[in-house]
Amino acid sequence: MTSPSTPQREPSLVDETGAGLDGLAQLRALLASGRKPGIMVTLDFDFVEVEVGRAVFAGTPGPQAYNPIGTVHGGYAATLLDSACGCAAHSQLSAEQAYTTLELKVAYHKAITRHSGLLRAEGRVLSMGQRVAYAEAKLTDAQGRLLASATSTLLVFAR
């Protein structure tokens with residue numbers, strides 16, 4: 001039994017689709033399953049590619065992603081960038097490892113609107129250590145223009 005101050009781990013979609021596999025195999029199993037975690041359903045974006053040290057997410061922001069000033073909220077861009085950085089690092093984990101984002105720094109280069117079309121966030125691992133990973137991601141529009149970029153520090157730990 002745990003105390004009220006001990007955080008409870010929620011069920012993991014990655015564990016359900018790829019239990020016992022290394023990170024890349026887990027993410028490939030998730031892609032093959034066609035299942036989406038809640039954040040991807042809520043914000044209507046997709047996990048589209050993964051290879052060792054690289055992950056890509058894509059989506060076209062709908063009305064749910066807009067802020068009161070008539071542009072897509074920066075949190076939408078940050079979510080795609082965080083997902084790309086995190087899954088790029090996840091793709092290099094062993095079956096005994098997990099990770100969490102420690103820091104995400106986002107730079108916004110251009111406003112995102114309905115005219116931006118399909119957005120693509122591509123994340124790449126810069127370095128992968130036993131305890132810390134560093135990744136970066138770029139968010140581009142349908143014409144390939146840079147809309148936002150991010151760097152991420154991720155904590156790697158034993159499952």
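The model shown is predicted, which means the values in this text are computed figures rather than measured ones. (Residues numbered from 1 in each chain as written. Predicted model: local features only at pLDDT ≥ 70, side-chain atom pairs only at ≥ 80, totals over all residues. Heavy atoms only, no water.)

Novice: Any details on the nonpolar core? Residues and values, ideally.
Specialist: Grouped together as the largest cluster of nonpolar side chains are 37 residues, with contacts concentrated most on F45, F47, F57, Y76, I112 and L139. For this core, the element with the most residues is helix α4 (residues 74-90), which contributes nine residues. Every residue in contact with F47, bar those within four places of it in the chain, is listed here: L27, L30, L31, M40, A55, V56, F57 and C87. (Core = buried A, V, L, I, M, F, W, Y, C linked by side-chain atoms within 4.5 Å. Buried < 20%, exposed > 50% of the residue type's maximum accessible area, 1.4 Å probe, protein only. Helix = DSSP H or I, 4+ residues; strand = E, 2+ residues; numbered from the N terminus. Contact = heavy atoms within 4.5 Å.)

Novice: Outline the sheet that holds strand β6 (residues 146-158), supporting the account with residue identities and numerical values.
Specialist: The pairing of strands in a sheet comes from backbone hydrogen bonds and takes either a parallel or an antiparallel form. Reading across from one edge, β1-β2-β4-β5-β6-β3 is the order of the six strands in this open sheet, with antiparallel pairing throughout. At either end of the open sheet lies a strand with only one pairing partner, and these are β1 (45-51) and β3 (97-108). Across the sheet, the axes of successive neighbouring strands diverge by a mean angle of 20°, strand direction being ignored. Two elements, strand β5 (residues 132-140) and β6, share nine bridges in a ladder whose sense is antiparallel. Within β6, the position partnered with Y134 by the bridge is T153. (Pairing = 2+ DSSP bridges. Axes fitted to C-alpha atoms, helices over the stretch in contact; angles between N-to-C directions.)

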